[in-house]
Amino acid sequence: MPKRPVRLLVNTMALDIDSGHPMDLAGPYLDTVAVLHPEQVWGKLIESGVSIIQTDEPQRLLAWLKRRKLR
């Protein structure tokens, strides 16, 4: 069987859009932490092989990726 690339998605959004309640979808890897400590969240996820990050902070994530020359 030919190898195919694998994409791994993690949702780092901390709060449910409709209710505002915590979702706890990604354990400690949340947007609320990434805003202050992007290496601890986005950096760790990328180092672990995550290729898609669903976030409420797309502009900040993109800027961080560009600074790290990952985008």
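Worth saying up front: this structure is predicted, and the values here are computed from it rather than measured.

Remarks on the packing of helix H2 (residues 38–47) against helix H3 (residues 58–67)
Helix-helix packing is described using two parameters, namely the angle between the two axes and the distance between the axes. Relative to each other, H2 and H3 sit at 70°, their axes nearing to 12 Å. It follows from the interaxial angle that H2 and H3 lie roughly perpendicular. Here Pro 38, Glu 39, Trp 42, Gly 43 and Ile 46 of H2 come into contact with H3, specifically with Arg 60, Leu 61, Trp 64 and Leu 65.

Looking at the nonpolar core
Among the nonpolar cores identified, the biggest contains eleven residues, and these are Val 10, Ala 26, Ala 34, Val 41, Trp 42, Leu 45, Val 50, Ile 53, Leu 61, Trp 64 and Leu 65. Those elements giving two or more residues to this core turn out to be H2 and H3. Ignoring anything within four residues of it in the chain, the contact list for Trp 64 reads Pro 38, Glu 39, Trp 42, Gly 43, Ile 46 and Leu 70.

Overview of the side chain of Asn 11
Note on placement: Asn 11 falls in strand S1 (residues 9–11). Within the structure, Asn 11 has its side chain in polar contact with the backbone nitrogen of Met 13 (distance 2.8 Å). Those residues in contact with Asn 11 that sit more than four places away from it in its chain are Met 23, Leu 25, Ala 26 and Gln 54.

Conventions adopted
- Residues numbered from 1 in each chain as written.
- Predicted model: local features only at pLDDT ≥ 70, side-chain atom pairs only at ≥ 80, totals over all residues.
- Heavy atoms only, no water.
- Axes fitted to C-alpha atoms, helices over the stretch in contact; angles between N-to-C directions.
- Helix = DSSP H or I, 4+ residues; strand = E, 2+ residues; numbered from the N terminus.
- Parallel < 35°, antiparallel > 145°, perpendicular 65-115°, else oblique.
- Contact = heavy atoms within 4.5 Å.
- Core = buried A, V, L, I, M, F, W, Y, C linked by side-chain atoms within 4.5 Å.
- Buried < 20%, exposed > 50% of the residue type's maximum accessible area, 1.4 Å probe, protein only.
- Polar contact = N/O pair within 3.5 Å; in protein donor to acceptor, adjacent residues only side chain to side chain.

Limitation: the analysis is restricted to geometry and does not speak to function.
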